[in-house]
Amino acid sequence: MLHYAIVFFVIALIAALLGFTGIAAGAASIAKILFFIFLIFAVVSLLGGVFRR
């Protein structure tokens, strides 16, 4: 999932450089949402590993 967030971030950067502000904003929003979902899953996984031991 972090891979998809990075891909959308790169798409947003390229679109912003080329002047496609609508596409850049959309891709940046998707990247931000995916990053936060990844972050939540990472914290839940970390806490699950700590409490299992």
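Everything discussed here concerns the structure shown above.
Residues numbered from 1 in each chain as written. Predicted model: local features only at pLDDT ≥ 70, side-chain atom pairs only at ≥ 80, totals over all residues. Heavy atoms only, no water.

## A closer look at the overall build of the protein chain
Inference 1: Looking only at helices and strands, the protein chain has 2 helices and 0 strands in total.
Inference 2: Here the protein chain has a C-alpha radius of gyration of 15 Å; the compact-globule value for 53 residues is 10 Å, and the former is much larger.
Inference 3: Its C-alpha atoms put the protein chain at 50 × 15 × 10 Å along the principal axes.
Inference 4: The buried share among the 53 residues of the protein chain stands at 13%. (Helix = DSSP H or I, 4+ residues; strand = E, 2+ residues; numbered from the N terminus. Rg over C-alpha atoms; globule rule 2.2 N^0.38 Å. Buried < 20%, exposed > 50% of the residue type's maximum accessible area, 1.4 Å probe, protein only.)

## Quick notes on helix H2 (residues 21–52)
Inference 1: The terminal C-alpha atoms of H2, which comprises 32 residues, lie 46 Å apart, in line with the 46 Å expected from a rise of 1.5 Å per residue.
Inference 2: Regarding H2, the residues found buried are Ala24, Ala27, Ala31 and Leu34.
Inference 3: Summarising the contacts, the buried residues of H2 are in contact with helix H1 (2–18). (Expected span 1.5 Å × (residues − 1). Contact = heavy atoms within 4.5 Å.)

## Things to note about H1
Inference 1: For H1, with 17 residues, the first-to-last C-alpha span of 24 Å sits near the 24 Å given by 1.5 Å per residue.
Inference 2: The set of residues buried in H1 consists of Ala5, Ala12 and Ala15. Down the axis of H1, the buried side of the element spans an arc of 90°, and every buried residue falls inside it. Exposed and oriented more than 90 degrees from the buried face of H1 are His3, Leu17 and Leu18.
Inference 3: As for H1, its buried residues are in contact with H2.
Inference 4: Glycine 19 sits one or two residues past H1 and shows a positive phi near 95°. (Arc of directions from axis to C-beta.)

## Quick look at the environment of isoleucine 6
Inference 1: Following the sequence through the fold, isoleucine 6 ends up in helix H1.
Inference 2: Isoleucine 6 sits 29 residues away from phenylalanine 35 along the chain, and the two C-alpha atoms are 8.3 Å apart.

## What about the packing of H1 against H2?
Inference 1: Where H1 meets H2, the closest approach of the two axes is 8 Å, and the angle between their N-to-C directions is 160°. The angle between H1 and H2 falls in the class roughly antiparallel. Once H1 is placed against H2, the crossing between them reads as left-handed. Of the residues in H2, those touching H1 at Leu2, Tyr4, Ala5, Phe8, Phe9, Ile11, Ala12, Ala15 and Ala16 are Ile23, Ala24, Ala27, Ala28, Ile30, Ala31, Leu34, Phe35 and Phe38.
Inference 2: Taken together, the residues of the contact of H1 with H2 break down into 18 nonpolar, no polar and no charged. (Axes fitted to C-alpha atoms, helices over the stretch in contact; angles between N-to-C directions. Parallel < 35°, antiparallel > 145°, perpendicular 65-115°, else oblique. Left-handed = near helix turned anticlockwise from the far one by under 90°. Nonpolar A, V, L, I, M, F, W, Y, C, P; charged D, E, K, R; others polar.)

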